[in-house]
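Chain residues, written in single-letter form:
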Amino acid sequence: MGERDYQADMQNLRQRAEVLIEALPYLREFRGHTVVVKYGGAAMIDAAVRTEVMKDLVLLDHVGLHPVVVHGGGPDITEMMQRLGKEPVFIDGQRVSDAETVDIAQMVLTGKTNPNLVAAIQQQGGQSIGLSGKDGGMVLAGELSGDANMGFVGEVLEVSPGLVQGLISQGFIPVIAPIASGPDGQTFNINADHLAGRIAGALKASKLILLTDVRGVLSNRSRPNSLISELNAQSAEEMIRAQKIEAGMIPKVRACLDALAAGVQRCHIIDGRLPHALLVELLTDVGIGTMVVTA
Ligand code: ADP
Ligand code: MG
């Protein structure tokens, strides 16, 4: 090997080692801490992207963080509804759910999306268990307050974190489908962002990370370069009122504010399409996406 090759090799090794070393303070900070990850949107449809997200979750778990996954499944539900000849209707980013729709949502989320995610994590060498809000009575849901008639779209009334904590302590990565029962046993379809925020709060998670299909909160939706890196509660509410934050972004921002109020330290809305967005967010000093803060 020539001297130049040797120098190039050394440089390459140093760079690789530096990337690992950069993670050290973050590993020290987050070891043993719970991180709730909401997974949905485009990051879920694309198989290659999905595999990368699963690898990140397994890596985080192996280095001692405790990831908890809450998933959506909008596209899967919409596809099944269309196969069954039903047209989906959304108000403010939430699916209007009549009895038939909530039935379909439950079948798709707990019968397809959830076990497929569990299997994908297992395939990357993680240990995972799937559950919905119904399991162990983890989530108690109630009718959504508000004027629009959303049908059986639920709001989280209460989360009992014991079951998830138990699974974490046994080394599992819990994967949670956004379905829960009301006090009288009625099934509710719950927005996964909202559920993730409430679960993060109940678990006293260190972080809530919402993976989506845009860079974060944009000040102008049609300009990808208008990313807001830090959004406070007051600006968020103003942007919602001015319809600058719309549809599916509303429950995300609200979930972050909810989680912060419940004691979660940091909440981020990031682009799940970026390769290894989770690792970059958690283990490097690069900040991506939008961090939501109270003030
Ligand atoms: P997910 O499946 O990840 O929950 P959603 O479609 O429910 O995705 O929510 C993300 C969407 O929110 C974006 O794709 C975008 O169309 C919409 N959106 C609304 N307002 C904004 C905004 N101010 N900045 C970025 N995205 C926004
Ligand atoms: Mg959504």
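Scroll up a little and you will see the structure.
The model shown is predicted, which means the values in this text are computed figures rather than measured ones.

Q: Looking at this model, I keep getting lost on the site of ligand 1. Mind explaining?
A: Around ligand 1 sit 17 residues in total, of which Thr212, Asp213, Leu218, Lys244 and Lys252 are the nearest. The contact in question runs from an oxygen atom of ligand 1 to an N or O atom on the side chain of aspartate 213, over 2.9 Å. Within the contact set of ligand 1, an oxygen atom lies 3.5 Å away from a backbone nitrogen or oxygen of methionine 249. Protein contact buries 81% of the 570 Å² of open area that ligand 1 shows by itself. Judged by the fraction of its atoms near the pocket grid, ligand 1 is located in the largest pocket. Elements supplying a minimum of two residues to the shell around ligand 1: strand 11 (207-212) and helix 10 (249-261).

Q: I tried to follow the nonpolar core on my own but got confused; where do I start?
A: Nonpolar side chains in soluble globular proteins tend to end up buried together. Val36, Ile176, Leu208, Val217, Ile245 and Val253 are the most contacted members of the largest nonpolar core, which has 44 residues in total. In terms of residue count, the dominant contributor to this core is helix 10 (seven residues). Contacts of leucine 208, omitting those with residues within four sequence positions, involve Val36, Ala196, Gly197, Ala200, Ala255, Cys256, Ala259, Val264, Arg266, Cys267 and His268.

Q: Is there a simple way to explain empty space enclosed by the protein in this structure?
A: A water-sized probe, rolled over the atoms, reveals where empty space remains. Enumeration according to the criterion identifies one cavity of 30 Å³ or more in this entry. Here the largest cavity defines a volume of roughly 40 Å³. In terms of lining, the largest cavity is formed by Glu52, Val53, Asp56, Leu211, Gly272, Leu274, His276, Ala277 and Leu278. Elements represented by at least two residues in the lining of the largest cavity include exactly helix 4 (47-62) and helix 11 (277-283). The element that contributes the greatest number of residues to the lining of the largest cavity is helix 4, accounting for three residues. The class makeup of the residues in the lining of the largest cavity is five nonpolar, two polar and two charged.

Q: I tried to follow the layout of surface pockets on my own but got confused; where do I start?
A: Empty space within the largest pocket amounts to approximately 1,100 Å³. Elements with a contribution of two residues or more to the lining of the largest pocket: helix 3 (42-45), helix 5 (74-83), strand 4 (94-95), helix 6 (99-123), strand 10 (187-190), helix 8 (192-203), strand 11 and helix 10. In terms of residues, the lining of the largest pocket owes the most to one element, helix 6, which gives six residues. When the residues that make up the lining of the largest pocket are grouped by side-chain class, the tally is 20 nonpolar, 15 polar and 11 charged. As for the second largest pocket, its lining consists of 24 residues, of which Asp92, Gln94, Leu144, Ile250 and Arg254 are closest to the centre. Broken down by secondary-structure element, the contributors of at least two residues to the lining of the second largest pocket are strand 7 (153-159) and helix 10. Looking at the lining of the second largest pocket element by element, the count peaks at six residues for helix 10. Taken together, the residues of the lining of the second largest pocket sort by class into 11 nonpolar, seven polar and six charged.

Q: I would appreciate a short explanation of the environment of glutamate 281 in the present structure.
A: Note on placement: glutamate 281 falls in helix 11. On the accessibility criterion, glutamate 281 (6% relative accessible area) is buried. In this structure the C-alpha to C-alpha distance between glutamate 281 and isoleucine 209, which are 72 residues apart in sequence, comes to 8.8 Å. In contact with glutamate 281, other than residues within four places in its own chain, are Lys207, Ile209, His268, Ile270 and Ile288. A distance of 2.9 Å separates the side chain of glutamate 281 from the side chain of lysine 207, its partner in a polar contact.

About the criteria used
Residues numbered from 1 in each chain as written. Chains lettered and ligands numbered in written order. Predicted model: local features only at pLDDT ≥ 70, side-chain atom pairs only at ≥ 80, totals over all residues. Heavy atoms only, no water. Near = heavy atom within 4 Å. Polar contact = N/O pair within 3.5 Å; in protein donor to acceptor, adjacent residues only side chain to side chain. Areas by Shrake-Rupley, 256 points an atom, 1.4 Å probe, with all protein chains shown as cover. 1 Å grid on protein atoms, 1.4 Å probe; cavity = no way out; pocket = protein on both sides within 12 Å on 5 of 7 lines; lining within 4 Å. Sits in = over half its atoms within 2 Å of the grid points. Helix = DSSP H or I, 4+ residues; strand = E, 2+ residues; numbered from the N terminus. Core = buried A, V, L, I, M, F, W, Y, C linked by side-chain atoms within 4.5 Å. Buried < 20%, exposed > 50% of the residue type's maximum accessible area, 1.4 Å probe, protein only. Contact = heavy atoms within 4.5 Å. Points joined across faces, edges and corners; volume = space filled by probe spheres on them. Nonpolar A, V, L, I, M, F, W, Y, C, P; charged D, E, K, R; others polar.

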